[in-house]
Amino acid sequence: MYRFLVIFTIFFLSIAPAVADEPCQKDGDCIVVGEWDISVAIGYGNKTNPLASYDDIPLYVIPSIAYYGERWFFDNFNFGYTLSEQENFTINLATSYSDERAFFYRWDPANIFLPQSANIDSATDIPAIGGFGTQAVSQAPVLNELESRNFTVYGGVELFWYGKLGVFKIAATHDLLNVHNGQEVDISWTYSLAISDWRFDLALKTAWKSSEVIDYYFGVRASENAYWSEEYQPNSDWSNAIELTTRYRISPSWDLLLAARYTQLADEIIDSPIIDEDYSSSYFVGAAYRF
């Protein structure tokens, strides 16, 4: 599946300048200011779990709830305020929630309100991408039951830059609830392509996570394993992802939907004793209804 996405990305970029569609040219592409935007996707998908001895996460229903006012906005239980909105860029104050806790808890918000460019199918024997490490552990460590990893909310500043070659986003956030006092920086590029009733959204993402974030979610507590709680002391690091969402409009309210994502985990995460895969991937196939 990963090789398919790489080939598709090259093809996508080679034809995109010739047939690219500007955002909001089709009805339903953008949210109308001052109106609620509610949709639900029903189908089947799966999110692989890199945590050792943890099950993969099934995906059946994906809701989406958003409201954008002149300044304030609400998007899948994240809140924000627009500081500046110009023709080519927007600067917001916004909240977000972490992806990491979703591996520990089935009903974490990150497993319910997925990004519009959501996730990729699992694959076996996937080689590491150049520049990324793989875990080399001769024998899995014996761990006691893992302690709770608490939910937290991040808050910070995000910048969107709009151009003919897509949308560039950079966001810098900090733990607002003092769960781990960590920071994250998310950088992404998204390109949308519309051909007749088809729409393709491709996103390339990279995310920096501070040592506090990685240690809180993937570190080992003394009660879990005394040796590894001292031995594994992670630093900050980057994870990288590619997302593809394909929609086919069959009516003003209904779309057929295929969403896929592949994430290459940071080396510092891969080195954790509670991790037994160097990636996470997911997919979702179904139909979406917009109210």
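Data block above holds the structure.
A brief look at the structure comes next. (Residues numbered from 1 in each chain as written. Predicted model: local features only at pLDDT ≥ 70, side-chain atom pairs only at ≥ 80, totals over all residues. Heavy atoms only, no water.)

### Describing the packing of aromatic side chains
Alright, step 1. Per the stated rule, a full pass over the model turns up 21 aromatic pairs.
Alright, step 2. Ring geometry for Phe89 versus Trp161: centroids 5.8 Å apart, planes at 5 degrees, classification stacked. With Phe89 in strand β5 (residues 89-97) and Trp161 in strand β6 (residues 153-163), this residue pair connects regions lying 72 residues apart in the sequence.
Alright, step 3. For Phe89, a relative accessible area of 23% corresponds to the partly exposed category.
Alright, step 4. Just above the ring of Trp107 sits the side chain of Arg106; from NZ or CZ to the centre is 4.3 Å.
Alright, step 5. Above the ring of Tyr216, the side-chain terminus of Arg221 is found at 5.0 Å from the ring centroid. (Phe/Tyr/Trp six-rings, centres within 6.5 Å; stacked < 30°, edge-to-face > 60°. Helix = DSSP H or I, 4+ residues; strand = E, 2+ residues; numbered from the N terminus. Buried < 20%, exposed > 50% of the residue type's maximum accessible area, 1.4 Å probe, protein only. Lys NZ or Arg CZ within 6 Å of the ring centre and 35° of its normal.)

### Here's the deal with a nonpolar patch on the surface
Alright, step 1. Where nonpolar side chains cluster on the molecular surface, the patch consists of Ile42, Tyr44, Tyr60 and Val61 and spans about 410 Å² of accessible area.
Alright, step 2. Those elements that place two or more of their residues in the nonpolar patch are β1 (36-47) and β2 (57-68).
Alright, step 3. Mapping Val61 onto the fold places it in strand β2. (Patch = residues over 30% accessible without salt bridge, like charges linked within 9 Å, V, L, I, M, F, W, Y side chains within 5 Å. Areas by Shrake-Rupley, 256 points an atom, 1.4 Å probe, with all protein chains shown as cover. Salt bridge = Lys/Arg side-chain N within 4 Å of Asp/Glu carboxyl O.)

### A short note on the sheet that holds strand β4 (residues 78-85)
Alright, step 1. With antiparallel pairing, twelve strands are arranged side by side around a closed barrel as β1-β2-β3-β4-β5-β6-β7-β8-β9-β10-β11-β12. Direction aside, neighbouring strands of the sheet carry axes that sit 20 degrees apart on average.
Alright, step 2. Taken together, the ten bridges between strand β10 (residues 237-249) and strand β11 (residues 254-264) define a ladder with antiparallel strand orientation. Its bridge partner lying in β11, Asn240 is registered against Gln264. (Pairing = 2+ DSSP bridges. Axes fitted to C-alpha atoms, helices over the stretch in contact; angles between N-to-C directions.)

### Concerning unusual backbone geometry
Alright, step 1. If you check the backbone angles, Ser53 has positive phi at about 70 degrees while not being a glycine.
Alright, step 2. For Ser53, the position within the fold is in the loop between β1 and β2.
Alright, step 3. With a phi close to 70 degrees, Phe77 is a non-glycine residue in the positive phi region.
Alright, step 4. What makes Phe77 partly exposed here is its relative accessible area of 48%.

### Some thoughts on the side chain of Thr90
Alright, step 1. Checked against the element boundaries, Thr90 lands in strand β5.
Alright, step 2. A distance of 3.0 Å separates a polar atom in the side chain of Thr90 from a polar atom in the side chain of Tyr162. (Polar contact = N/O pair within 3.5 Å; in protein donor to acceptor, adjacent residues only side chain to side chain.)

### Focus on the environment of Ile31
Alright, step 1. Examined against the element boundaries, Ile31 turns out to sit in the loop between α1 (2-19) and β1.
Alright, step 2. Spatially, the C-alpha atoms of Ile31 and Tyr68 are 7.3 Å apart, while their sequence positions differ by 37 residues.
Alright, step 3. Filtering out sequence-adjacent residues up to four positions away, Ile31 remains in contact with Asp37, Ala66, Tyr68 and Arg290. (Contact = heavy atoms within 4.5 Å.)

### Observations concerning the pattern of salt bridges
Alright, step 1. Under the criterion given, the structure shown has twelve salt bridges.
Alright, step 2. With its nearest N and O atoms 2.7 Å apart, the salt bridge here joins Glu100 to Lys209. Highlighted residues: Glu100 in the loop between β5 and β6 and Lys209 in strand β9 (residues 198-209), separated in sequence by 109 residues.
Alright, step 3. By relative accessible area, which is 4% here, Glu100 ends up buried.
Alright, step 4. Between Glu243 and Arg261 there is a salt bridge, with the nearest N and O atoms lying 3.3 Å from each other. Of the two residues, Glu243 is situated in strand β10 and Arg261 in strand β11; the sequence distance between them amounts to 18 residues. There is no split in this pair, since Glu243 and Arg261 are both buried.
Alright, step 5. Connected through shared salt-bridge partners, Glu100, Glu184 and Lys209 make up one network.

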